[in-house]
Amino acid sequence: MPVEVGFIGLGAMGLPMAEALIDAGFSLTVYNRTASKADPLVARGARRAATPADAARPGGITITMVADDTALEAVSLGNNGIIERLGPGGVHLSMSTVSPALSRRLAEAHARCGGAYLACPVVGRPDRAKARKLWILLSGPAAAKERVRPLLDAMGQQTFDLGERSDAAHVMKLVNNFLIMSAIEAIAEALVMAEKGGLDVPTVARVLTSSLFNSPMYQGYLDIITRGAYDPPGFKLKLGLKDIELVLGMAGEANVPAPTASLIRDHIIEGLARGMGELDWAAVALVARENAGLKR
Ligand code: NAP
């Protein structure tokens, strides 16, 4: 009998992750707010759920990959939410990038119903999800972590266990994304300097990624920015605002000054004000260009 799993949120990330689970032989019940986005999965044998609760079964496993805190609350709590329906023995595998505070609240709500909440955000963009090469960050109760291991192995190349705390993996994810955003910001400014200094920008990118900046993150973002490949987006700038605000919220709660994060937030807001919200978040580089008097 194939293991049955619920999957909620079939956006840029959720769809390829769900496809990876079908490829690996899991039987899926899928829910998406815009129902038509489930069509490719239904065509491959997934069952379409009418509500988030309908994508959960008592004592089962349900994955959420929705946009933000508001969306995760909407599909988790309340009459049509998954928490009560999952009930005793149920596991909520929460893979969105959300606030540590919400993950603590949801962990308590699941525990009250006898279930478990696993914080499980992912590192890697949709192309990595399609290639089953995500890096997965995981924290929560040990028995639930053991139970979801085959699912994670089907979606990712490596899982990092960050312990039992319900919010630890989300803290790790925000630290990770703060570093990505800082790198995008630095790349954006550096490439404008290079261009105005008369250099060939693709050559600059090649030198950097063949030497000190030989890492997937620098390679990926230098490539996107050098080619101006912001559309279609892998990760939308408007969701980038959500992430930098989560970073600032986490830093503020712990009395950690984060001046770089404040600056990045302002540049993202500048991008949104200039109509870039649906572009890839690397479009912060367009803000840097325009601020230096260069054309988009
Ligand atoms: P996306 O393409 O915008 O998809 C967002 C999903 O959330 C859609 O299924 C959307 O449903 C659903 N949603 C939004 N608001 C909702 C609400 N109020 N109630 C119910 N469902 C709602 O975003 P994504 O890029 O897949 O990102 C999903 C999550 O993964 C985010 O937390 C993001 O930060 C994280 N993440 C993204 C990347 C990346 O590179 N894209 C990488 C790592 C992590 P509709 O289809 O109805 O709009």
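Residues numbered from 1 in each chain as written. Predicted model: local features only at pLDDT ≥ 70, side-chain atom pairs only at ≥ 80, totals over all residues. Heavy atoms only, no water.

**Q** Quick question: what am I supposed to make of the domain arrangement of the protein here?
**A** Interface size, as often reported, equals the accessible area lost upon joining of the parts. Examined at the domain level, the protein breaks down into domain 1 (4-165) and domain 2 (171-291). Contacts between domain 1 and domain 2 engage 19 residues on the former and 18 residues on the latter. Carbon and sulfur atoms supply 67% of the area buried between domain 1 and domain 2, which totals about 1,300 Å² over both sides. Summed over the three residues of domain 1 that lose the most area to domain 2, namely Thr97, Pro100 and Arg125, the buried surface amounts to 43% of that side. One can count two salt bridges joining domain 1 with domain 2. Here Arg125 and Asp280 are joined by a salt bridge, their closest N and O atoms 2.6 Å apart. Counting residues per element, the side of domain 1 that touches domain 2 draws most heavily on helix α5 (residues 100-112), at three residues. (Domains from an automatic or database assignment. Contact = heavy atoms within 4.5 Å. Buried area = accessible area lost by both parts, 1.4 Å probe. Salt bridge = Lys/Arg side-chain N within 4 Å of Asp/Glu carboxyl O. Helix = DSSP H or I, 4+ residues; strand = E, 2+ residues; numbered from the N terminus.)

**Q** Sorry if this is basic, but what is going on with the sheet that holds strand β8 (residues 134-138) here?
**A** Consider a sheet: its strands pair through backbone hydrogen bonds, and that pairing is either parallel or antiparallel. Pairing is mixed across the open sheet formed by three strands, whose spatial order is β7-β8-β9. Every interior strand has two partners, whereas the edge strands, β7 (122-123) and β9 (156-161), have only one. Across the sheet, helix α7 (residues 142-155) is in contact with β8 and β9; its angle to β9 comes to roughly 150°. (Pairing = 2+ DSSP bridges. Axes fitted to C-alpha atoms, helices over the stretch in contact; angles between N-to-C directions.)

**Q** Got a minute to help me understand helix α9 (residues 201-210) in this structure?
**A** Each α-helix winds once per 3.6 residues, and so residues spaced three or four apart point in a common direction. Among all positions in α9, only Val201, Val204, Ala205 and Thr209 are buried. Buried residues along α9 cover an arc of 120° about the axis, so they all sit on one side. In α9, the exposed positions angled more than 90 degrees off the buried face are occupied by Arg206, Val207 and Ser210. On its buried face, α9 sits against α8 (168-196) and α10 (216-227). (Buried < 20%, exposed > 50% of the residue type's maximum accessible area, 1.4 Å probe, protein only. Arc of directions from axis to C-beta.)

**Q** It is not clear to me how helix α3 (residues 69-76) should be interpreted in this structure. Could you clarify?
**A** Three or more residues of α3 are buried, namely Asp69, Leu72, Val75 and Ser76. Considered in projection along α3, the buried side chains sweep an arc of 135° and stay on one side of the axis. Structural note: α3 exposes Thr70 and Ala74 on the side pointing more than 90 degrees away from its buried face. Phi for Gly78, located one or two positions after α3, is positive at around 85°.

**Q** Hey, could you run me through the packing of aromatic side chains in this one?
**A** Given two aromatic rings, their pairing is described by the distance between the two centres and the angle made by the two planes. Applying the stated rule across the entire model yields two aromatic pairs. Judged by centre distance (4.6 Å) and plane angle (55°), the rings of Phe213 and Tyr218 are tilted. Note on Phe213: relative accessible area 29%, which makes it partly exposed. A centroid spacing of 4.7 Å and a plane angle of 85° characterise the contact between Phe235 and Trp281, whose relative ring orientation is edge-to-face. One end of the pair, Phe235, is in the loop between α10 and α11 (237-253); the other, Trp281, is in the loop between α12 (259-273) and α13 (284-291), and 46 residues separate them in sequence. Given a relative accessible area of 4%, Trp281 falls into the buried group. (Phe/Tyr/Trp six-rings, centres within 6.5 Å; stacked < 30°, edge-to-face > 60°.)

**Q** Help me out: how do you make sense of the environment of Pro58 in this one?
**A** With respect to the helices, strands and loops of the structure, Pro58 is situated in the loop between β3 (47-48) and β4 (61-64). Pro58 gets classed as exposed once you look at its relative accessible area, which sits at 52%. Each C-alpha atom of the pair Pro58 and Asn291 lies 54 Å from the other, and the pair is 233 residues apart in sequence. If we ignore the near neighbours within four places in the chain, the residues touching Pro58 are Arg85 and Leu86.

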